[in-house]
Amino acid sequence: MTDILEKSQARQRLRSLSEALDSGALKQVARILNGGLSPSDIAHLLESSPPRQRVLLWKLVDKQLEGEVLQYMSDDIRADFLSEFNAQELANLLEDFESDDLADLLQQLPDTVIQEVLDTMDEQDRQRVEEVLSYPEDTAGGLMNTDTVTVRPDITIDVVLRYLRRHRTLPPMTDSLIVVSRRDEFIGILPITRMLVSNPASTVREVMDTDIEPIPVTLSDTKVATLFERYDLISAPVVDENNKLLGRITIDDVVDVIREDADHSLMSMAGLDEDEDTFAPVLKTTRRRAVWLGINVVTAFTSASVIGMFEETIQQVVALAVLMPIVASMGGIAGSQTLTLMIRGMAVGQVSNDNVKWLLNREFLATTLNGFLFALVVSAAAMVWFRDPTIGLVIAMALVINLTIASIVGTLLPLTLKRLNIDPALAGGVILLTTTDVVGFLSFLGLATYFYA
């Protein structure tokens, strides 16, 4: 009930803010921004505003809130705001950031600016950030936070509790303490819930959990997200190749990975960046989309050239021009169904070399059966429409051929692209649709040329 009330109040504040903006009451806008909205709400409002209004709102945000607001922004918009700060201003702005969040922000800046910001930090903070920056952004090392609470296995629970009371606060998402040796080698974890109900005289070794597998620092962020989902983790330790503890990953960063992967899959199918700004300026939007449209021009000419090969046949049988988009469209849809299923299966780790053959057989049989079914429906409609049994036979055969090829390509294409280190979500759709168009036109017009010659 409380959550519903809070959400209702937040929506009311946003409506009030919109009304104040429309009326030009900037003092009221500033009061609502800094006194009534959370940093995440402010970030959402900025992302939902056209460029001019966004700049105005940003100027009204309290300086003390700017750092928190930046944490919730998408990379594309955040980069625009970060470019306005000098090194010292950035250092002051980011001083309360956790090491993983700070590293994410710094990676959007030029190398010279990164070094200037690092030089303004104290030794301990600089070492933590440099540790995270030394690993690729899309690995466990790039996700981890070096701020951890560790304990030794030979001390008692009572000693641990007294040690924790000396801290003013604990790192966010601390659901367990990490147990390490004197050489900082990972041994296990001590869940706080278990510690609180254990005998204070018990040692950490007697209470800790040693069944937890630490995450290798080089593991990809997608696989990290899969582990968190599979084992319902809130946090997990990260180790190097020698089992030395480097830091930990928390669920808030994993949620970001899951969201970014989902955005990437969705936007890549249209050739767009997952951080694409909804309200980006016209020229910036035009430039980004031009590349993808240019690629599609090439593929369209490929399909058109196949049609051009059968120009004489089309002139003789005009019905072919009416019906041939059906063959290409049906193949494209069938192939896209298979392709989407495969990409999702690969993303969640369900597809491997061991089960590809089974998937290929299943997709082949399912799509072929659908091919025969819709071949009967479409051929019957074509024969009634044009009163020509031959054209019904031609389109039926072409549909079966194209849908069968679509299932094979849709299954094997993402696996092939993955082995070539090409993103299947980005390139798979274009290659598949070009293939189904070419095969569809070639089979339909080729069969028509054979039967009508």
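Residues numbered from 1 in each chain as written. Predicted model: local features only at pLDDT ≥ 70, side-chain atom pairs only at ≥ 80, totals over all residues. Heavy atoms only, no water.

**Student:** I would appreciate a short explanation of a nonpolar patch on the surface in the present structure.
**Tutor:** Together, Leu-393, Met-397, Ile-401, Ile-405, Tyr-450 and Phe-451 line one region of the surface with nonpolar side chains, adding up to about 540 Å² of accessible area. Elements that contribute at least two residues to the nonpolar patch include exactly helix H21 (389-419) and helix H22 (424-452). At four residues, H21 tops the list of elements feeding residues into the nonpolar patch. Mapped onto the fold, Ile-405 is located in helix H21. Classification of Ile-405 as partly exposed rests on a relative accessible area of 31%. (Patch = residues over 30% accessible without salt bridge, like charges linked within 9 Å, V, L, I, M, F, W, Y side chains within 5 Å. Areas by Shrake-Rupley, 256 points an atom, 1.4 Å probe, with all protein chains shown as cover. Salt bridge = Lys/Arg side-chain N within 4 Å of Asp/Glu carboxyl O. Helix = DSSP H or I, 4+ residues; strand = E, 2+ residues; numbered from the N terminus. Buried < 20%, exposed > 50% of the residue type's maximum accessible area, 1.4 Å probe, protein only.)

**Student:** Explain the pairing of strand E5 (residues 235-239) to me, please; I cannot follow it from the model alone.
**Tutor:** On a regular strand, one side chain projects to one face of the sheet and the next to the other, so that they alternate. With five of five residues buried, E5 is to be regarded as a mostly interior element. Side chains of E5 alternate between two faces, with Ser-235, Pro-237 and Val-239 and Ala-236 and Val-238 buried alike. Where strand E4 (residues 215-216) lies against E5, two bridges are found, and the strand directions are parallel. Along E5, the bridge assignment pairs Ile-215 with Val-238. Examined bridge by bridge, E5 and strand E6 (residues 245-250) share five bridges and lie antiparallel to one another. Bridge assignment links Val-239 to a residue of E6, and that residue is Leu-245. The hairpin formed by E5 and E6 contains five residues between the paired strands, and Asn-243 there has a positive phi angle of roughly 65 degrees. (Pairing = 2+ DSSP bridges.)

**Student:** I tried to follow the sheet that holds strand E3 (residues 186-191) on my own but got confused; where do I start?
**Tutor:** Think of a sheet as strands paired side by side through backbone hydrogen bonds, with each pair either parallel or antiparallel. Here three strands make up an open sheet; going across it, the order is E1-E2-E3 and the pairing mixed. Two strands bound the open sheet, and with one partner strand each, they are strand E1 (150-151) and E3.

Scope: geometric values only; no functional claims are made or implied.
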